[in-house]
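The lines below spell out each chain.
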Amino acid sequence: MSPWIIIVILGACAIAYALIMPKKDKVQEPGHHLVQEMESTLEHYMAEIENDNDALIQRVAEMKGEAAAADQRMQTQLQELQQRLAELENRKMIEAEVHANAASIHNSSGLQARALLDSVRFESAPEVSEANLQVVEPESPPVRDSIKERYAELFNLYAEGKSVDSIAKQTGIQRGEVQLILQLAEREES
């Protein structure tokens, strides 16, 4: 073969190949466009997920702050309630001591009561003469109401078989005080 034919054939192949190449690019172009759209959609989706995650993190932080504030309020309320409970326990102990002292004074003889009254009167008013003092005779015991007379409603409910809690609710007396009154009544009877 002659060299010029080889050159012509190679040239024709190059031209044919050049014409075919743009057709391949045009065929591949819609697929390439599809890939770009897919990448764009995925990037948009990832951006939305990132925004949602940021919002979720912010909401969790807010909830954590609210929970911490609620916990702080609960701790404060708990401390206040503990203080009130301690005060009420102290008050009940004092009331129990007063009731016990009152019961012992009621149970003591007239001479002891007179001596106690005399000592209190002389300490508080030394200028009062003995003629102005009221003398309690030991033969005549002082008139006193029994605990059952003072708390008749409570003992009626107790006689009906009501529980201490229901008696406390119906009478408006504290549960511990109801128990104390019942115990004092048992002591008074014995």
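From a predicted model like this one, the values you see are computed outputs, not experimental measurements.

1. Some words on the overall build of the protein
Move 1: What the protein contains, in helices and strands, is 6 helices and 0 strands.
Move 2: Listed by position from the N terminus, the elements making up the protein come as α-α-α-α-α-α.
Move 3: If you take every contact in the protein between residues at least 6 apart in sequence, the share linking residues at least 24 apart comes to 43%.
Move 4: With the model as given, the accessible surface of the protein reaches about 15900 Å², and the carbon-plus-sulfur share is 59%.

2. Structural notes on the nonpolar core
Move 1: Ile147, Leu154, Phe155, Ile167, Val178, Ile181 and Leu182 are the most contacted members of the largest nonpolar core, which has 13 residues in total.
Move 2: Put simply, the parts of the chain that give this core at least two residues each are helix 4 (152–159), helix 5 (164–171) and helix 6 (175–189).
Move 3: Looking at this core element by element, the count peaks at 5 residues for helix 6.
Move 4: If near-sequence neighbours (up to four positions away) are discounted, Ile147 is found in contact with Phe155, Ile181, Leu184, Ala185 and Glu188.

3. Concerning the packing of aromatic side chains
Move 1: Inspection of the entire model under this criterion finds 0 aromatic pairs.
Move 2: A cation over a ring is seen here: Lys148 above Phe155, with NZ or CZ 5.7 Å from the ring centre.

4. Things to note about the pattern of salt bridges
Move 1: Throughout the structure, instances matching the rule amount to 6 salt bridges.
Move 2: Salt bridges sharing partners connect three or more residues here, namely Arg59, Glu62 and Glu66.

5. Quick word on the packing of helix 4 against helix 6
Move 1: Between helix 4 and helix 6, the least distance of the axes is 11 Å, while the angle of their chain directions is 85 degrees. Classified by the angle between their axes, helix 4 and helix 6 sit roughly perpendicular to one another. The residues of helix 6 that touch helix 4, namely those facing Leu154, Phe155 and Tyr158, are Val178, Ile181, Leu182 and Ala185.
Move 2: Taken together, the residues of the contact of helix 4 with helix 6 break down into 7 nonpolar, no polar and no charged.

6. Remarks on helix 4
Move 1: Among the residues of helix 4, those classed as buried are Leu154, Phe155 and Leu157. Within helix 4, the buried residues cover an arc of 160 degrees as seen down the axis, which keeps them to one side.
Move 2: Buried-residue contacts for helix 4 involve helix 3 (147–150), helix 5 and helix 6.

7. Observations regarding the confidence of the model for the protein
Move 1: Of the residues in the protein, 71% reach a pLDDT of 70 or more, and the chain-wide mean stands at 77.
Move 2: Per-element confidence in the protein is highest for helix 5, whose mean pLDDT is 92, and lowest for helix 2 (residues 110–124), whose mean pLDDT is 46.
Move 3: Low confidence marks residues 108–117, where pLDDT is under 50. Its contacts with residues over four positions away, or in another chain, come to 6 contacts.
Move 4: The low-confidence segment residues 119–138, where pLDDT is below 50, has 12 contacts with residues more than four positions distant or belonging to other chains.

8. Side note on a nonpolar patch on the surface
Move 1: Together, Trp4, Ile5, Val8 and Ile9 give the surface a local cluster of nonpolar side chains, amounting to about 390 Å² of exposed area.
Move 2: A relative accessible area of 30% places Ile5 in the partly exposed class.

9. Focus on the packing of helix 4 against helix 5
Move 1: Between helix 4 and helix 5, the least distance of the axes is 10 Å, while the angle of their chain directions is 145 degrees. Remark: the crossing between helix 4 and helix 5 carries right-handed chirality. Where helix 4 abuts helix 5, its residues Glu153, Leu154, Leu157 and Tyr158 lie against Ile167, Gln170 and Thr171.
Move 2: Residues that form the contact of helix 4 with helix 5 fall into these classes: 4 nonpolar, 2 polar and 1 charged.

10. Notes on a negative patch on the surface
Move 1: Together, Glu48, Glu50, Asp52 and Asp54 make up a region of like negative charge exposed at the surface.
Move 2: In this structure, Glu48 sits in helix 1 (residues 3–107).

Conventions and cut-offs
- Residues numbered from 1 in each chain as written.
- Predicted model: local features only at pLDDT ≥ 70, side-chain atom pairs only at ≥ 80, totals over all residues.
- Heavy atoms only, no water.
- Helix = DSSP H or I, 4+ residues; strand = E, 2+ residues; numbered from the N terminus.
- Contact = heavy atoms within 4.5 Å.
- Areas by Shrake-Rupley, 256 points an atom, 1.4 Å probe, with all protein chains shown as cover.
- Core = buried A, V, L, I, M, F, W, Y, C linked by side-chain atoms within 4.5 Å.
- Buried < 20%, exposed > 50% of the residue type's maximum accessible area, 1.4 Å probe, protein only.
- Phe/Tyr/Trp six-rings, centres within 6.5 Å; stacked < 30°, edge-to-face > 60°.
- Lys NZ or Arg CZ within 6 Å of the ring centre and 35° of its normal.
- Salt bridge = Lys/Arg side-chain N within 4 Å of Asp/Glu carboxyl O.
- Axes fitted to C-alpha atoms, helices over the stretch in contact; angles between N-to-C directions.
- Parallel < 35°, antiparallel > 145°, perpendicular 65-115°, else oblique.
- Nonpolar A, V, L, I, M, F, W, Y, C, P; charged D, E, K, R; others polar.
- Arc of directions from axis to C-beta.
- pLDDT = per-residue confidence, 0-100.
- Patch = residues over 30% accessible without salt bridge, like charges linked within 9 Å, V, L, I, M, F, W, Y side chains within 5 Å.
- Left-handed = near helix turned anticlockwise from the far one by under 90°.
- Lys, Arg positive; Asp, Glu negative; His and termini not counted.
- Charge placed at Lys NZ, Arg CZ, Asp CG, Glu CD.

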